[in-house]
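# Fold and geometry: a report
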Amino acid sequence: MTEPTLRLSERLNARFGDRLAAVRDAFGQTTIEVVPDNLHEVARALRDERELRFEVLTDLCAVDYLGFGEDEWETSDVSDEGFSRGVEGPGSPGRFDWASRPVRTVDKRFAVVVHLLSIANNQRLRIKVFCADSSLPQVPSLVDVWPAANWYEREAFDLYGVLFEGHPDLRRILTDYGFVGHPFRKDFPLIGNVEVRFDPEQGRVIYEPVSIEPRVLVPRTIRDDSRYLQGQAEQAERQGK
Amino acid sequence: MQEIRNYTMNFGPQHPAAHGVLRLVLELDGEVVQRADPHVGLLHRATEKLAESKPYNQSIGYMDRLDYVSMMCNEHGYVRAIEQLLGIEAPIRAQYIRTMFDEITRVLNHLMWIGSNALDLGAMTVFLYAFREREELMDCYEAVSGARMHATYYRPGGVYRDLPDRMPQYREHPWRKGSELKRLNAWREGSMLDFLDAFCVDFPRRIDEYETLLTDNRIWKQRTVGIGVISPEQAMAWGMSGPMLRGSGIAWDLRKKQPYACYDKVDFDIPLGTNGDCYDRYLVRVEEMRQSNQIIRQCVKWLRENPGPVMLRNFKVAPPSRAEMKDDMEALIHHFKLFTEGYSVPAGETYAAVEAPKGEFGVYLVSDGANKPFRVKVKAPGFSHLAALDDIVRGHMLPDVVAVIGTLDLVFGEIDR
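The model shown is predicted, which means the values in this text are computed figures rather than measured ones.

Reading guide: rules and limits
Counting restarts for each chain, with residues numbered from 1 along the sequence as it is written. Written order decides the labels, with chains lettered from A and ligands numbered from 1. Two thresholds apply to this predicted model, a pLDDT of at least 70 for residue-level local features and 80 or more for giving and counting side-chain atom pairs, whereas whole-chain, interface and lining totals are computed over all residues. Only heavy atoms go into the side-chain values, all of them from the structure, while hydrogens and water stay out. The way it works is that DSSP assigns letters per residue, a run of H or I at least four long becomes a helix, a run of E at least two long becomes a strand, and they are numbered from the N terminus. Atoms counted for the radius of gyration: C-alpha only. Globule rule: 2.2 Å times residue count to the power 0.38. Throughout, a residue-residue contact means that at least one pair of heavy atoms, one from each residue, lies within 4.5 Å. Working definition of accessibility: Shrake-Rupley area with a 1.4 Å probe, residue cover restricted to the visible protein chains. By the counting scheme adopted, Arg and Lys are positive, Glu and Asp are negative, and His together with the chain ends is not counted. The location of each charge is read from NZ of Lys, CZ of Arg, CG of Asp or CD of Glu. To get an axis, fit a line to the C-alpha atoms, keeping to the stretch in contact for a helix; angles then go from 0 to 180 degrees between the N-to-C directions. Working rule for angles: under 35 degrees goes down as roughly parallel, over 145 as roughly antiparallel, 65 to 115 as roughly perpendicular, anything else as oblique. The nonpolar class holds Ala, Val, Leu, Ile, Met, Phe, Trp, Tyr, Cys and Pro. Asp, Glu, Lys and Arg form the charged class, and all remaining residues, Gly among them, are polar. Here the rule is simple: two strands pair whenever DSSP picks up at least two bridges between them. In this description, a nonpolar core means a group of buried Ala, Val, Leu, Ile, Met, Phe, Trp, Tyr and Cys residues linked to one another through side-chain atoms lying within 4.5 Å. Buried, partly exposed and exposed residues are distinguished by accessible area as a fraction of the type maximum, computed with a 1.4 Å probe on protein chains only: under 20%, between the cut-offs, and over 50%, respectively. As used here, buried area is the combined drop in accessible area, with a 1.4 Å probe, of two parts when they are placed together. Any carboxyl oxygen of Asp or Glu within 4 Å of a side-chain nitrogen of Lys or Arg constitutes a salt bridge here. Under this definition, polar contacts are N or O atom pairs within 3.5 Å; protein pairs additionally need one hydrogen-donor-capable and one acceptor-capable atom, and for neighbouring residues in sequence, both atoms have to be side-chain atoms. Aromatic rings from Phe, Tyr and Trp, taking only the six-membered ring of Trp, are treated as a pair when their centres fall within 6.5 Å; an angle between ring planes under 30 degrees marks them as stacked, one over 60 as edge-to-face, and anything in between as tilted. One confidence number per residue, pLDDT, is output by the predictor and ranges from 0 to 100. Only residues above 30% relative accessible area that lack a salt bridge enter a patch, with like-charged residues linked at up to 9 Å and the nonpolar side chains Val, Leu, Ile, Met, Phe, Trp and Tyr linked at up to 5 Å. One less than the number of residues in a helix, times 1.5 Å, gives the span that helix is expected to have. The arc in question is traced by the directions running from the helix axis to the C-beta atoms. Here, the term disulfide refers to a pair of cysteine sulfur atoms separated by no more than 2.5 Å.

Bringing the overall build of chain B into the picture now. Within chain B one finds 18 helices and eight strands. The C-alpha atoms of chain B give a radius of gyration of 23 Å, which matches the 22 Å a tight globule of 417 residues would have. In terms of principal-axis extent, the alpha carbons of chain B reach across some 90 × 60 × 40 Å. Across chain B, contacts joining residues at least 24 apart in sequence account for 68% of those joining residues at least 6 apart. When the accessible area of chain B is evaluated, it comes to approximately 15700 Å², of which 53% is carbon and sulfur surface. Counting 51 positive and 57 negative side-chain charges, chain B places the averaged centre of each group 4 Å from the other.

This part covers the packing of helix α7 (residues 192-214) of chain B against helix α12 (residues 278-305) of chain B. All names here are of chain B. Two elements in contact, α7 and α12, have axes whose closest approach is 9 Å; the angle formed by their N-to-C orientations is 170°. Our classification of the angle between α7 and α12 gives roughly antiparallel. In terms of residue class, the contact of α7 with α12 is made up of 15 nonpolar, one polar and seven charged.

Now for the sheet that holds strand β7 (residues 359-367) of chain B. Residues and elements named next belong to chain B. The antiparallel open sheet is built from three strands, whose spatial order is β6-β7-β8. Every other strand in the sheet has two partners, leaving β6 (348-356) and β8 (375-379) as the edge strands with one partner each. Direction aside, the axes of adjacent strands within the sheet are offset by 10° on average. Pairing of β6 with β7, which is carried by nine bridges, proceeds in the antiparallel orientation. When the sheet's bridge partners are listed, Gly348 is paired in β7 with Ser367. Sheet strands touched by helix α3 (residues 71-86): β6, β7 and β8. Its angle to β6, the strand with the most contacts, is close to 150°.

Turning our eyes to something else, we now look at the nonpolar core. Within the largest apolar cluster, 178 residues are counted, with the highest numbers of intra-cluster contacts made by Leu46 of chain A together with Met100 and Phe101 of chain B. Per element, the largest residue contribution to this core is twelve residues, and it comes from helix α4 (residues 92-120) of chain B.

A few words now on the interface of chain A and chain B. Contact residues are listed per partner, giving 62 residues for chain A and 62 residues for chain B. A combined buried area of about 5200 Å² lies between chain A and chain B, and 55% of that area is made up of carbon and sulfur atoms. Three residues, Trp151, Leu174 and Phe184 of chain A, lead the burial of chain A against chain B; their summed loss comes to 14% of the area buried on that side. Where chain A touches chain B, the interface holds nine salt bridges. Taking the shortest distance from any N to any O, the salt bridge between Glu349 of chain B and Arg126 of chain A comes out at 3.8 Å. Our enumeration of links across chain A and chain B arrives at 28 residue pairs in polar contact (both at pLDDT 80 or more). Elements that contribute at least two residues to the side of chain A that touches chain B include exactly β2 (29-34), β3 (56-64), β4 (110-118), β5 (123-130), α3 (149-160) and α4 (226-240) of chain A. In terms of residues, the side of chain A that touches chain B owes the most to one element, β3 of chain A, which gives nine residues.

Right, let's talk about the packing of aromatic side chains for a bit. The full count for this structure, using the stated rule, is 22 aromatic pairs over all chains. With centroids separated by 6.1 Å and ring planes inclined at 80°, the aromatic side chains of Tyr160 of chain A and Phe184 of chain A adopt a geometry described as edge-to-face. Of the two residues, Tyr160 of chain A sits in helix α3 while Phe184 of chain A sits in the loop between β7 (163-165) and β8 (194-199), which places them 24 residues apart along the sequence. Ring centres 6.0 Å apart and planes at 65° place the aromatic pair Tyr263 of chain B and Phe268 of chain B in the edge-to-face group. Both residues of the pair, Tyr263 of chain B and Phe268 of chain B, count as buried.

Let's shift gears to the confidence of the model for chain B. Residue and element names in this part refer to chain B. The predicted model of chain B averages 89 in pLDDT, with 100% of residues at 70 or higher. When mean pLDDT is compared element by element in chain B, β8 scores highest at 93, while helix α6 (residues 178-185) scores lowest at 85. For this predicted complex, the interface confidence score (ipTM) comes to 0.87, while the overall pTM stands at 0.88.

All names here are of chain A. There is a patch of nonpolar side chains on the surface, built from Val194, Val196, Phe198, Val205 and Tyr207 and spanning about 510 Å² of accessible area. Of all elements in the fold, only β8 and β9 (204-209) reach the threshold of two or more residues within the nonpolar patch. Take the nonpolar patch: its biggest share by element is three residues, from β8. Checked against the element boundaries, Val205 lands in strand β9. Judged by relative accessible area, which is 46%, Val205 ranks as partly exposed.

As a further point, take α3 of chain B. Residues and elements named next belong to chain B. Compared with the 22 Å implied by 1.5 Å per residue over 16 residues, the 23 Å span of α3 between its first and last C-alpha is a close match. Summarising burial for α3: 15 of the 16 residues are buried, a large majority. Positioned one or two residues after α3, Gly87 has a phi angle of 75°, which is positive.

Residue and element names in this part refer to chain A. Structurally, Lys108 is set in the loop between β3 and β4. Since its relative accessible area comes to 42%, Lys108 is described here as partly exposed. Along the chain, Lys108 and Val42 lie 66 residues apart, while their C-alpha atoms are 21 Å from each other. Contact partners of Lys108, with chain neighbours within four places excluded, come to Tyr65, Phe130, Cys131 and Ser134.

Now for helix α14 (residues 329-340) of chain B. One turn of the α-helix equals 3.6 residues, which is why residues spaced by three or four share an orientation. Residue and element names in this part refer to chain B. Across its twelve residues, α14 extends 17 Å between first and last C-alpha, which sits within 8% of the 16 Å expected from 1.5 Å per residue. Buried within α14 are the following residues: Ala331, His334, His335 and Leu338. Each buried residue of α14 sits inside an arc of 100° when the element is viewed along its axis, so together they form one side. Looking at α14, the residues exposed on the side facing more than 90 degrees away from the buried face are Met329 and Phe336. Just past α14, the residue Gly342 takes up positive phi, approximately 85°.

On to the pairing of β3 of chain A. All names here are of chain A. Burial analysis of β3 places nine of its nine residues in the buried class, the great majority of the element. By the bridge criterion, eight bridges tie β3 to β4 in an arrangement that is antiparallel. In the strand pairing of β4, Leu60 is matched with Val114.

Moving on, we get to the state of the cysteines. Per the stated rule, a full pass over the model turns up zero disulfides over all chains. Between Cys140 of chain B, a free cysteine, and Cys200 of chain B, which holds the nearest cysteine sulfur, the sulfur-to-sulfur gap is 9.0 Å.

A few words on the side chain of His39 of chain B. With respect to the helices and strands, His39 of chain B occurs in strand β3 (residues 32-39). A polar contact of 2.8 Å, which involves the side chain of His39 of chain B, links it to the side chain of Tyr177 of chain A. A polar contact of 3.1 Å, which involves the side chain of His39 of chain B, links it to the side chain of Asp37 of chain B.

With that settled, consider the sheet that holds β5 of chain A. All names here are of chain A. Strand order in the open sheet formed by five strands is β1-β2-β5-β4-β3, with mixed pairing between adjacent strands. The outermost strands of the open sheet, each flanked by one partner alone, are β1 (20-26) and β3. The mean inter-strand angle of the sheet, taken between neighbouring strand axes irrespective of direction, is 20°. Bridge count between β1 and β2: six bridges; the pairing is antiparallel. When the sheet's bridge partners are listed, Ala26 is paired in β2 with Gln29. Those strands touched by α3 are β3 and β4, and its axis lies near 10° from that of β3.

Structure (structure tokens):
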């Protein structure tokens, strides 16, 4: 195989220009951001054009960016009493309360992420599409470009409530028949909303509000402090020896 | 004239050939399938959401439970994604161990597949033969990690511990004594590498045994030749990978095309099919077992000659040794922080894929800099394969549906996640 003279990101930039909202290279992987309106045109070109030829859709998924970059434990500041101990909700201190957890609203909450693979050129590409409206996230369907998108889009709809315009059969796929809600959204509690049991008096299976209290064993912490830098320096030194 | 209507039939989720919990709603015209609508999700455990609520290392065990017949390959995909974000790389010996166990896993998976697929199509003996060898390899899993299936052996920065010096042996038992006991323990006198050496010498003969039962078997060929034909164009359009793609003649294997671990240092071939039917995929998988055997042999040879560390000495990611913790305060603190809080992964997103036995197993990982992943998406090979089922079985007879489900190599742990 001959090495392409230009990097993929540069070629994509030259080909699509301002139809791409952003192009990024990280960890040897290329990501392009596309607005929903341009998705179809870009997708078709990516599949059909000779120097691109992304004939396989490996993966499609949604991401909910609600609460991105938020932690539940302040680790950078020290108060008079020392470090805080996790999030202190209305429950007992240190016990995390799901309803009152800190969640900032984000501007564009839902994104659909598509992973493509070119077998002909041995290349991968990630497309990111942010949905314009967070209360009714909508993205054009890719089923007519890559049939493989069918079930992946059903899954993204089921778990995140993203609507794919033009999908031939947008049913739930993974959750139970008659399930309410979109369980992978960040504001859907991990333990769910309902629990199921057999009621001997009524002689049938009944749904009740969940009785377990949500709790978190390890709070979410974001550390970007000197101890990591020191660790990296130590490792570099060790490897140098 | 009497009106003739199609009728709808429910296949599974309790059908033995449904490979777990597949519910298939079939629309039949006589015995010919007009439409197949798979209902999945009966095994949905929200693995990806659970992973968002735990520090990174605590989810490795969940990966085993996705595709529960190729456990360590799943771990490998997840661990590689974390390593990419952290910017670390496991020591070379750990990479070889991973390569070896990935191939052991591939053999385990294909043995399970050949046994259950043959059983579905009416050949009982292959199943018993395949499980005999599976048991030996399961013992390697157990020797190295303590668990027969859900090993949690791969860790970011290496593997949990080095290979053991001795293999567990069979004990005397009313049904296992004297010369029989001696025969069973013959390979188990030395280390695990000795055991694997003996296994690799013996295994090609065992594969020949399966082949004598199936490859030229008239019934087997009647049930698989020309059934479930997938053209290369269709295979790509449906997003297939692994033996499903190679059975249709597309030379694509991540181990060759995008090498990871030590696959660029070992010598092996990629078998390809020509017709894209169930029989070709059977031949591809059998040959893959032979190639995996070659890779295991090469890894055993290298591992014998090159002792070394199997885990990175970076206490921010990997725990210090017990001995160090006993007299070093710093090591104790590291251990405590690592097991209570975990490590923070720099913000970013990555997609790491491995060539799992069933196809491309990928993990898309988004981190916001916290000690827990922000989003984990598992790309399971079986999901795309099953999605194509409707198109593959349309026009086939009802018994062929079983052959096609078998050839897709479905495991619902990974499809439903």
